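Coordinates in review
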Amino acid sequence: MSVTAAAGFRAAGVAAGLKPSGKPDVALVVNDGPRREAAAVFTTNRCKANPVLWSERTITDGRLDAVVLNSGGANCYNGPEGFQVTHASAELVADLIGGGAFDVAVCSTGLIGQPLDRPLVEAGIRAAHSALDADGGADAAVAIMTTDSRSKEAVTSTNGWTVGGMAKGAGMLAPSLATMLVVLTTDAVADAGTLDAALRQATRTTFDRLDSDGCMSTNDTVLLMASGASGVEPGPEELAAAVTAVCADLTQQLWTDAEGAHHDIEIAVTGAASEDDAVNVGRAIARSNLFKAAVFGNDPNWGRALAAVGTTDAAFEPHDIDITINGVQVCKAGGTQVAQPADAVDMSGRHVLVEVGLGAGSAVATVLTSDLTHDYVHENSAYST
């Protein structure tokens, strides 16, 4: 049920003809209240899509009545008509549900630079409004898919209230979000400030630690809406924990559905002087095409990981670094002590755990990435054609 698992929400997903395949491509999620607080985080890419520019404005008052989403087109850098389509979409949703346009967020995903067919979008919005249902979350999750091989949903319930969510994304997953759209809902009672704090705490350690290919999209959006329909007001930390759990679940689903991936690579950094250092080291390895290509070839080439660590400004002494791959310590004390042979590493499974010890402190962080495969190159070289 994803976004409709929480009380007070209806959703729908329909086919409007934006995708040549004819698959569902317009989703609508409506908050029926009684409360309509909301929070959001967006891409930090300076080149932002029209729906991001719109939604950044709508969230400033901490209220959202609904969000309309489309796949089949990013509505980004496609001339002034693109923003007009975004504005018109919000206005139409507002008219249909009886609210104001500035209380409707808009999200889009697909190719940059292509026009988005306004009549098709508006017809899709009308159809989605007619199909709104308290069990419509699954249909909405399907309608936002692009290169995803499966829809992504997550739910957690505790003490009489619920957090649900849906996400799309299978590539361009990088820090400061990804080519990712996420809608989270809760029936908890919470004000906008509490929602914002919970959301930022959650995304910092989940979506922002997923870095499949180092590329940042123009459309990244994560929304959190609260209906208050449960009548239960959890404490801030309890709310943050539940939101984080749903975000972590969705992050795992995004990670294991990365475009063309054969291996899911988990990079666990320990012994760092600070959490930022641990993240930077993990991200450097995650962005090493040399290392990612080696993993694709089942080659535990730890030297490529070590070289990536050395490109960071993290605090460490090179001869203190330990590297373990799938339980086999292949580098000990930066190579100054005898380690286990690399050919003892079994990389035949999909999951690869790379553990890097810096010996500089007690901070830790984990970054998730994928290997660099022929399938990834093919999919991203042929995506627009």
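Described below are features of the structure shown in this document. (Residues numbered from 1 in each chain as written. Predicted model: local features only at pLDDT ≥ 70, side-chain atom pairs only at ≥ 80, totals over all residues. Heavy atoms only, no water.)

Describing the environment of aspartate 25
- For aspartate 25, the position within the fold is in the loop between β1 (9–14) and β2 (26–31).
- Distance from aspartate 25 to threonine 109, taken between C-alpha atoms, is 9.6 Å for residues 84 residues apart in sequence.
- Aside from chain neighbours lying at most four places away, what touches aspartate 25 is Val14, Ala15, Ala16, Gly17, Leu18, Lys19, Leu69, Asn70, Ser71 and Ala143.
- One polar contact links the side chain of aspartate 25 to the main-chain amide nitrogen of alanine 16, over a distance of 2.6 Å.
- Looking at aspartate 25, its side chain comes within polar contact range of the main-chain nitrogen of glycine 17, at 3.2 Å. (Helix = DSSP H or I, 4+ residues; strand = E, 2+ residues; numbered from the N terminus. Contact = heavy atoms within 4.5 Å. Polar contact = N/O pair within 3.5 Å; in protein donor to acceptor, adjacent residues only side chain to side chain.)

Looking at the packing of helix α2 (residues 80–97) against helix α3 (residues 118–130)
- The N-to-C vectors of α2 and α3 enclose an angle of 25°; their axes lie 10 Å apart at closest approach. By the criterion of interaxial angle, the relationship of α2 to α3 is roughly parallel. Considering the relative orientation of α2 and α3, their crossing is right-handed. For the pair α2 and α3, contact is made by Val85, Ala88, Ser89, Leu92, Val93, Leu96 and Ile97 and by Arg118, Val121, Glu122, Ile125, Arg126 and His129, respectively.
- Here the contact of α2 with α3 is composed, by residue class, of eight nonpolar, two polar and three charged. (Axes fitted to C-alpha atoms, helices over the stretch in contact; angles between N-to-C directions. Parallel < 35°, antiparallel > 145°, perpendicular 65-115°, else oblique. Left-handed = near helix turned anticlockwise from the far one by under 90°. Nonpolar A, V, L, I, M, F, W, Y, C, P; charged D, E, K, R; others polar.)

A few points about the pairing of strand β5 (residues 104–108)
- Burial runs high along β5: five of the five residues are buried.
- For strand β4 (residues 66–70) and β5, the ladder comprises five bridges, and the chain directions are parallel. Considered in β5, the bridge of valine 68 is made with valine 106.
- After leaving β4, the chain enters α2 and then returns to the sheet as β5, a path that is right-handed. (Buried < 20%, exposed > 50% of the residue type's maximum accessible area, 1.4 Å probe, protein only. Pairing = 2+ DSSP bridges. Right-handed = clockwise from strand over helix to strand, strands pointing away.)

So far we have only geometry, and geometry alone does not tell us how the molecule works.
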